[in-house]
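Here are the chains, one letter per residue:
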Amino acid sequence: MEQYSILTKIMGAIILLLYITGCTNESIIGGAIPTENNITVNMTIPGLEIPMLTRSGEDKIWERKIKEVDLMFFDNSEVSRLISHVHITNISQETYEDEHRAWFNLILADDPALSLTSVVAVIANAHDAVAKAWGYGSYNIEKKTFLQYLQFETSGRWNTTSKDYIPMPMYGEVYVNGIYKGVPIPDIEMKRMLARIDVQNKVNGSIFKLEKIHLANYRTSGFIAPAWNEHTGLVIGEWEHAYPYSRNMDPMVPAGFTTNPPIEYLYSQSENLPGSLMEGLIYTYEAPKAAPNEKVCLVLEGIYKGVRNYYRVDFTSDQEMHEDYEVFRGDDVPLYRNHKYVVTVTAAEGVGYPTFQEAINASSVLSNLKTTVHIVDMTGINHIVYDG
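Residues numbered from 1 in each chain as written. Predicted model: local features only at pLDDT ≥ 70, side-chain atom pairs only at ≥ 80, totals over all residues. Heavy atoms only, no water.

Pairing within the open sheet is antiparallel, and its five strands lie in the order β4-β3-β7-β9-β11. Of all strands in the sheet, those bounded by a partner on one side alone are β4 (82-88) and β11 (191-192). Of the strand pairs in this sheet, strand β3 (residues 69-75) and strand β7 (residues 117-124) are connected by seven bridges, and their pairing is antiparallel. From the neighbouring strand, Phe73 faces β7, where its bridge partner is Val120. (Pairing = 2+ DSSP bridges. Helix = DSSP H or I, 4+ residues; strand = E, 2+ residues; numbered from the N terminus.)

Dropping the structure here:
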């Protein structure tokens, strides 16, 4: 508790300093306030969103909105210890053509310790979680310990529709060879910590009218950072064999699993028309491949030829094979951060189950509701256009 109290005082002093200088749109790190060497830290947010049918105005951009960031400087030691930290709330953002950027100005004072920096980490929209994780170690906390405790937790559906929406936590980091005056920090690509699920029923409502979507076996917490090396704390790169996101390997998730009540989403469809794409409403934490009773899934509820039915939909691969591993169409896949899963109902060929519980227990039974799951990795993608 004493350690956390010290942390609170340190962070309070930093916040106060930023408040004093906030009108200049600049953040100070390293001690005395200098009069020169202002550098700009740029962040890119991949996967610009297509127009939403469910919100308007400012709410359209919540998926890429950055309200605040915590900038963490870790040293070049074997365990990568924290050197310095600054909390920034004065952030500029813009969308230019197919790219969304956020940036802030950073003023560096004379601080020899910053020359030892090897990793600059940026945590967006999760300041309270940063403070909590930091409290589990000393001021110079090891990066692996910090990331292990850097978690975000919610209950129920993710708030995306009201004015009090929850901005999505993001993480990005970049390698540097020290931090020096006048030397820019490379651009940092941010990754959202959540997976997104969109749903469309292309079957005419006279045959199958989709009314509700139930998200089941979901997790209520996740790591803010993507998978990292548990010995060094360094985020695993795409070129490494242990990188899970292109090899159908399980993501890193907090230990433990508790079954929670399903989350219900309403789907609007006319009686005699196919349904539209319901997008930007369902978000969930990363989830590994698992046994049927712990595997995240959807249960679709609707009227099939005048009778209410329930159908379970599992997340499976839409690819026959990948370059680095074998995965066949229909194989189970995990849910990954910063990925979009577009579930499309293509045909209704028979009845489902009369109750939700019967449907949720029917993972191994061939469904009469034919669906496809299109998976999009939003990393490095600036614009996505659907052809359906």
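As a further point, take the environment of Ile83. With respect to the helices, strands and loops of the structure, Ile83 is situated in strand β4. Relative accessible area serves as the criterion here: at 15%, Ile83 is assigned to the buried category. Considered as a pair, Ile83 and Ala113 are 30 residues apart in the sequence and their alpha carbons are 7.0 Å apart. Not counting the four nearest positions on each side in its chain, Ile83 is found in contact with Phe73, Phe74, Asp75, Ala113, Leu114, Leu116, Thr117, Tyr139 and Asn140. (Buried < 20%, exposed > 50% of the residue type's maximum accessible area, 1.4 Å probe, protein only. Contact = heavy atoms within 4.5 Å.)

Turning to the layout of surface pockets, a few remarks are in order. Roughly 480 Å³ of volume is contained in the largest pocket. As for the largest pocket, its lining consists of 21 residues, and the residues nearest its centre are Asp314, Thr316, Gly330, Leu369 and Thr371. Elements represented by at least two residues in the lining of the largest pocket include exactly β18 (307-314) and β20 (369-377). Element by element, the count of residues in the lining of the largest pocket is highest for β20, at five residues. (1 Å grid on protein atoms, 1.4 Å probe; cavity = no way out; pocket = protein on both sides within 12 Å on 5 of 7 lines; lining within 4 Å. Points joined across faces, edges and corners; volume = space filled by probe spheres on them.)

Predicted confidence across the protein chain gives a mean pLDDT of 83, with 81% of residues reaching 70 or more. Note on residues 30-35: pLDDT is under 50 here. Beyond four places in sequence and across chains, it has ten contacts. Scored below 50 in pLDDT, residues 382-388 shows 19 contacts in the model against residues more than four places distant or in partner chains. (pLDDT = per-residue confidence, 0-100.)

A separate point is the pattern of salt bridges. Applying the stated criterion to the full structure yields 15 salt bridges. We note a salt bridge from Glu142 to Arg81, for which the minimum N-O separation is 3.3 Å. Of this pair, Glu142 sits in the loop between α2 (127-134) and α3 (143-149) while Arg81 sits in the loop between β3 and β4, and the two are 61 residues apart along the sequence. Under the relative-accessibility criterion, Glu142 is labelled buried at 19%. (Salt bridge = Lys/Arg side-chain N within 4 Å of Asp/Glu carboxyl O.)

To continue, consider empty space enclosed by the protein. Across all of its chains, the model carries four cavities of 30 Å³ or more by this definition. Space inside the largest cavity adds up to approximately 90 Å³. Here the lining of the largest cavity is built from residues that sort into seven nonpolar, five polar and two charged. Here the second largest cavity is characterised by a volume of approximately 40 Å³. The residue inventory of the lining of the second largest cavity, partitioned by class, reads three nonpolar, two polar and three charged. (Nonpolar A, V, L, I, M, F, W, Y, C, P; charged D, E, K, R; others polar.)

This part is about the sheet that holds strand β16 (residues 278-285). An order of β16-β12-β19-β20 is seen for the four strands of this open sheet, with the pairing classed as mixed. The sheet terminates laterally at β16 and β20, the two strands that pair on one side only. Taken over all neighbouring pairs, the strand axes of this sheet differ in orientation by 25 degrees on average, direction set aside. With six bridges joining them, strand β12 (residues 194-201) and strand β19 (residues 339-348) adopt parallel strand pairing. Bridged to Gln200 within β19 is Thr344. (Axes fitted to C-alpha atoms, helices over the stretch in contact; angles between N-to-C directions.)

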